Amino acid sequence: MFIPRKIIIDDRNELFDAKGMKYVEFPSDFSQIRVYTAQILEKAPETFLEGNLLHQQLSEIIKNGIKHGNRSDPSKKIKIWFDLRKRARFIVEDEGEGFVHLEEWNEFFFKRQKALHEADFDTFLQLANYQGPTSDNTDGGNSLIAALEYWNGGFIFGGKRNKVGVVRWFSGGSSRSENENGSSNV
Amino acid sequence: MKASAKKFGETGAVLLLSGEIDLYSTSELWKMVSGILELGRKHLILDVSDVNYLDSSGVGVVIRLLQELKKQGGKLLVAGLQGSPRQVLQMSNIISLLQLCDNVEQGRAMLGEAI
C-alpha cells in the first residue's frame with residue numbers, strides 16, 4: 001500500500017510551544033553552521049547523538065535557515081529553541097520570506113516516492129535531488145527527505161513557513177536526569 | 001575531508017575518501033569527481049570506509065555522480081559504507097540506487113571486464 005509522506009504546515013501545532021525550552025540565536029554566518037550545532041548539542045545525552053546523526057540533522061535545519069531563509073545576511077538572526085530532555089526537540093526560525101516553494105516540493109516528493117514504490121529506478125534517479133531557485137553545489141536536494149525520516153516525532157513548518165518544529169524520540173530514552181540540562185517540562 | 005584518486009584498467013578509477021564530507025567540502029569533491037569523469041573514467045569505486053560524516057551536500061554529490069554515470073554508461077560501486085554515512089544514505093533512499101561492496105578489491109572483481 002502506497003501512503004505518501006509530505007511536509008505539513010501547522011502554526012498551531014504543539015511542536016511550536018516553546019514553553020520551558022532553552023533559547024539561543026546566532027548571526028547568519030554560513031561558515032559557522034556546524035559550530036552553532038556543536039554548541040547547542042554540547043550537553044546532549046550521549047544516547048541522543050547516535051554517532052553524529054543528531055549533529056548532522058540539526059546542522060541541515062540551521063543551514064536551510066541561514067542559507068535559504070536569511071540568504072546568509074549576517075544582520076539576520078537564526079533563532080533556536082531546544083530541549084534535550086527525554087527526546088531531542090527543536091524550533092528553528094529564520095527571518096526570511098519562508099519556504100515559498102513548499103507545495104512544489106511536496107509535488108516533487110510525491111513523484112519521487114511513487115517512483116521508488118514502483119521500483120522505477122530510472123525515474124527515481126532523475127527525481128533523487130530537488131533543485132530549487134536558490135540551490136547550488138552545497139545543496140544536495142535531499143535534506144528534507146532525510147529529515148522527514150529522521151524526526152520521528154514530527155517535522156512541521158509554521159504558518160509563515162520560516163520556522164520548523166521537530167522532535168526525535170529515542171527508544172533508549174535519556175540517561176540524564178531531567179534537571180541535569182536545566183530544561184523544564186514542556 | 002581528504003580525497004585521492006587512482007586509475008585502473010582503461011576506464012576505471014578508485015576515489016579514496018576519508019574524514020567528513022559536508023557542506024564545506026563538497027564543492028572541492030565535485031571538482032575532483034568532474035575531473036575524473038572528463039578523463040573518460042566512467043567505472044568508479046568510491047571507497048568511503050574511512051568517511052565518518054556525510055551530510056545532504058555529500059549525498060548530493062553521490063546523486064549527481066550517479067546521474068552522470070548513467071548518461072555515460074558507467075557504473076558506481078561504493079566500498080566500505082558504514083556508520084552514520086550509511087544511515088544518511090538510507091534516510092534519503094539513495095542506498096537503493098547503490099551497488100555496495102566490502103572493499104575496493106571486491107569492487108574491482110564486481111566490475112570485472114566492464115573496465
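As the structure is a prediction and not an experimental result, all values here were calculated from the model. Along every chain, residues carry numbers that run from 1 in the direction the sequence is written. The lettering of chains begins at A and the numbering of ligands begins at 1, in the order of writing. With pLDDT at 70 or above as the cut-off, local features in this predicted model cover only qualifying residues; side-chain atom pairs require 80 or more to be listed or tallied, and sums for whole chains, interfaces and linings still use all residues.

(A) Seen up close, the environment of Gly51(A). For the purposes of this entry, the term helix denotes a DSSP run of H or I that reaches at least four residues, the term strand denotes a run of E that reaches at least two, and both are numbered from the N terminus. Mapped onto the fold, Gly51(A) is located in the loop between α2 (46-49) and α3 (53-69). On the basis of neighbour counts, which here come to 13 C-beta atoms within 10 Å, the residue Gly51(A) falls in the partly exposed class. Any residue whose C-beta has 12 or fewer other C-beta atoms within 10 Å is treated as exposed, any with 20 or more as buried, and any in between as partly exposed, C-beta atoms being built from the backbone.

(B) Region of interest: the interface of chain B and chain A. Two residues qualify as a contact pair if the distance between their C-beta atoms, derived from the backbone, is within 7 Å. Across the contact, 26 residues belong to chain B and 24 residues belong to chain A. Those elements that provide at least two residues to the side of chain B that touches chain A are α1 (26-38), α2 (56-72) and α3 (83-91) of chain B. Of the residues forming the side of chain B that touches chain A, the biggest block, nine residues, is contributed by α2(B). A class-by-class count of the residues in the side of chain B that touches chain A yields 10 nonpolar, 13 polar and three charged. When residue character is reported, Ala, Val, Leu, Ile, Met, Phe, Trp, Tyr, Cys and Pro are called nonpolar, Asp, Glu, Lys and Arg charged, and the others, Gly included, polar.

(C) Representation of the packing of α3(A) against helix α6 (residues 143-150) of chain A in the model. Residues and elements named next belong to chain A. Each axis is a line fitted through C-alpha atoms, and for a helix only the stretch in contact is used; angles between axes span 0 to 180 degrees, taken between their N-to-C directions. The N-to-C vectors of α3 and α6 enclose an angle of 135°; their axes lie 10 Å apart at closest approach. In this view, α3 runs oblique relative to α6, as classed from their interaxial angle. In the packing of α3 onto α6, the handedness of the crossing is left-handed. Listed contacts from α6 to Gln57, Glu60 and Asn64 of α3 are Ser143, Ala147 and Tyr150. Orientation is classified from the angle alone, with under 35 degrees giving roughly parallel, over 145 giving roughly antiparallel, 65 to 115 giving roughly perpendicular, and any other angle giving oblique. Each helix crossing is assigned a hand: it is left-handed if the near helix lies turned anticlockwise from the far helix by less than a right angle, otherwise right-handed if that turn is clockwise.

(D) A look at the nonpolar core. Here, a nonpolar core means buried Ala, Val, Leu, Ile, Met, Phe, Trp, Tyr and Cys residues linked by C-beta atoms lying within 7 Å of one another. Ile62(A), Phe90(A), Val92(A) and Leu46(B) are the most contacted members of the largest nonpolar core, which totals 64 residues. The biggest single contributor to this core is strand β3 (residues 43-54) of chain B, with seven residues. What Phe90(A) contacts, discounting residues up to four positions off in sequence, is Leu58(A), Ile61(A), Ile80(A), Trp81(A), Phe82(A) and Val166(A).

(E) Seen up close, the pairing of strand β2 (residues 12-21) of chain B. Residues and elements named next belong to chain B. A pair of strands is considered paired only if DSSP assigns at least 2 bridges between the two. In this sheet, β2 lies alongside strand β1 (residues 2-8) in antiparallel orientation, the contact comprising seven bridges. Opposite serine 4, over in β2, you have leucine 16 as the bridge partner. In this antiparallel pair of consecutive strands, β1 and β2, the connection spans three residues, and glycine 9 shows a positive phi of 60°. Here the term right-handed applies to a crossover when the path leading from its first strand over the helix to its second strand runs clockwise, the strands being oriented away from the viewer. Tracing the backbone out of β2, into α1 and back to the parallel element β3 gives a crossover that is right-handed.

(F) Structural detail: the sheet that holds strand β5 (residues 154-157) of chain A. All names here are of chain A. On the basis of which strands lie adjacent, the open sheet formed by six strands has the order β1-β5-β6-β4-β3-β2 and mixed pairing. Of all strands in the sheet, those bounded by a partner on one side alone are β1 (8-9) and β2 (22-27). Relative to strand β6 (residues 163-169), strand β4 (residues 87-93) runs antiparallel, the two sharing seven bridges. Bridge pairing links arginine 87 to tryptophan 169 in β6. Taken strand by strand, α3 contacts β3 (77-83), β4 and β6, and its axis lies near 10° from that of β4.

(G) Representation of the confidence of the model for chain A in the model. A residue's pLDDT is the predictor's confidence in that residue, given on a scale from 0 to 100. Scored by pLDDT, chain A has a mean of 91; 92% of the residues are at 70 or more. Here residues 177-186 of chain A is modelled with pLDDT under 50, and outside its nearest four sequence neighbours on either side it reaches 19 contacts, counting other chains as well.

(H) Focus on the pairing of β3(B). All names here are of chain B. Among the 12 residues in β3, nine count as buried, and that is most of the element. Judged from the nine bridges that link them, β2 and β3 form a sheet pairing that is parallel. Among the inter-strand pairings, serine 18 is bridged to a residue of β3, identified as aspartate 50. For β3 and strand β4 (residues 75-79), the ladder comprises five bridges, and the chain directions are parallel.

(I) Seen up close, the environment of Gly107(B). Residue and element names in this part refer to chain B. Here glycine 107 lies in helix α4 (residues 104-111). With 95 residues separating them along the chain, glycine 107 and glycine 12 place their C-alpha atoms 11 Å apart. Apart from the residues within four sequence positions on either side, glycine 107 is in contact with Ile45, Leu77, Ala79 and Cys101.

(J) Layout of helix α1 (residues 33-40) of chain A. Residues and elements named next belong to chain A. Listing the buried residues of α1 in full gives Ile33, Arg34, Tyr36, Thr37 and Ile40. Along the axis of α1, the buried residues cluster in a sector spanning 155°; they form a single face. The elements touched by buried residues of α1 are β2, α3 and β3. The arc in question is the one spanned by the directions pointing from the helix axis to the C-beta atoms.

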